[in-house]
Amino acid sequence: MALEQSDSAIDGERHDWDSSQDAFVLTGSTANAAYEVGVMKRLLTGTWGKANYPPINPYCFAGTSVGALNAAAMVANADLEFEEALDRLERIWLDRIAVPSATNPS
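Along each chain, numbering runs from 1 in the same order as the chain's sequence is written. Residue-level local features of this predicted model are given only where pLDDT is at least 70; pairs of side-chain atoms are given and counted only at 80 or more, and the full residue set underlies all totals for whole chains, interfaces and linings. Hydrogens are left out, water is left out, and the side-chain values use all remaining heavy atoms of the structure.

**With respect to the environment of proline 54**
Then, in step 1: Checked against the element boundaries, proline 54 lands in the loop between helix H2 (30-45) and strand E2 (60-63).
Then, in step 2: With 11 residues separating them along the chain, proline 54 and leucine 43 place their C-alpha atoms 8.1 Å apart.
Then, in step 3: Every residue in contact with proline 54, bar those within four places of it in the chain, is listed here: Gly46 and Trp48. Secondary structure elements follow DSSP: runs of H or I no shorter than four residues count as helices, runs of E no shorter than two count as strands, and numbering proceeds from the N terminus. We call two residues contacting when some pair of their heavy atoms lies within 4.5 Å.

What follows is the structure, given as C-alpha cells:
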C-alpha cells in the first residue's frame, strides 16, 4: 500500500488531498529558518509543484530552535491571512535578524 502511495506521488498525482491534515515542522539553523520563510510563502499563498497544486492550509505549525521562532510568528499572527503573516515574518528577518551587510551590499 505504501508503495502505491509513493508511486502516485512520483507521478505528480494527488488523490483525496486534504491539507487540513498538514502541518509545518520547521528546523533549527538560521539559514534554514530564513529559507523556510520563502518556502512557506510559496506553499501557503500560491500554486506550487509541476501540477500547480493549490495553497496548503495547515492546521499546525511547530519548530525547534530558530524554526520555533518562525512557527511562533505564524501562530501569533493566526488572525491574519497567511500572506500578511508571512510578510510580517519576512520583515522581522530582514529588519531585525539579517546581518545588515548581507542585505545592503556596498
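**A closer look at the nonpolar core**
Then, in step 1: Among the nonpolar cores identified, the biggest contains 20 residues, and Phe24, Met40, Leu44, Phe61, Met74 and Leu89 are the most heavily contacted of them.
Then, in step 2: The set of elements that each furnish at least two residues to this core consists of strand E1 (23-26), H2, helix H3 (66-76) and helix H4 (82-97).
Then, in step 3: No other element matches the 5 residues that H2 contributes to this core.
Then, in step 4: Excluding anything up to four places from it in sequence, methionine 74 contacts Met40, Leu44, Phe61, Phe82, Ala85, Leu86 and Leu89. Take the buried residues of types Ala, Val, Leu, Ile, Met, Phe, Trp, Tyr and Cys, join any two whose side-chain atoms come within 4.5 Å, and each joined set is a nonpolar core. Only protein chains enter the area calculation, which uses a 1.4 Å probe; residues under 20% of their type maximum are buried, those over 50% are exposed, and those in between are partly exposed.

**Structural notes on the environment of threonine 27**
Then, in step 1: Inspection of the secondary structure puts threonine 27 in the loop between E1 and H2.
Then, in step 2: Once the C-alpha coordinates of threonine 27 and threonine 64 are considered, the two residues, 37 residues apart in sequence, prove to be 5.4 Å apart.
Then, in step 3: Residue contacts for threonine 27: discarding those within four places in its chain leaves Asn32, Glu36, Thr64, Val66 and Gly67.
Then, in step 4: Within 3.5 Å is the distance limit for a polar contact, defined as a pair of N or O atoms, with the added protein rule that one can donate a hydrogen and the other accept it, and that residues adjacent in sequence qualify only through two side-chain atoms. Here the side chain of threonine 27 touches asparagine 32 through a polar contact of 3.5 Å, side chain to side chain.

**Some words on H3**
Then, in step 1: Among the residues of H3, those classed as buried are Val66, Gly67, Asn70, Ala71, Ala73 and Met74. Down the axis of H3, the buried set is contained in an arc of 160 degrees. They therefore lie on one face.
Then, in step 2: Looking at the buried residues of H3, the elements they touch are E1, H2, E2 and H4. This arc is built from the directions going out from the helix axis to the C-beta atoms.

**Thoughts on the pattern of salt bridges**
Then, in step 1: We count a salt bridge whenever a side-chain nitrogen from Lys or Arg sits within 4 Å of a carboxyl oxygen from Asp or Glu. In the structure shown here, the tally under the stated rule is 4 salt bridges.
Then, in step 2: Its salt-bridge partner being aspartate 87, residue lysine 41 comes within 3.7 Å of it at the nearest N-O pair. With a gap of 46 residues between them, lysine 41 in helix H2 and aspartate 87 in helix H4 connect regions that are remote in the sequence.
Then, in step 3: Given a relative accessible area of 34%, aspartate 87 falls into the partly exposed group.
Then, in step 4: Of the charged contacts in the structure, one is a salt bridge between arginine 91 and aspartate 95, with a shortest N-O distance of 2.7 Å. Residue arginine 91 and its partner aspartate 95 are both found in helix H4; the two are separated by 4 residues, about one turn of the helix.
Then, in step 5: Taking relative accessible area as the criterion, arginine 91 reaches 43% and is therefore assigned partly exposed.
Then, in step 6: Here the salt bridges share partners, and the residues they tie into one network are Lys41, Asp87 and Glu90.

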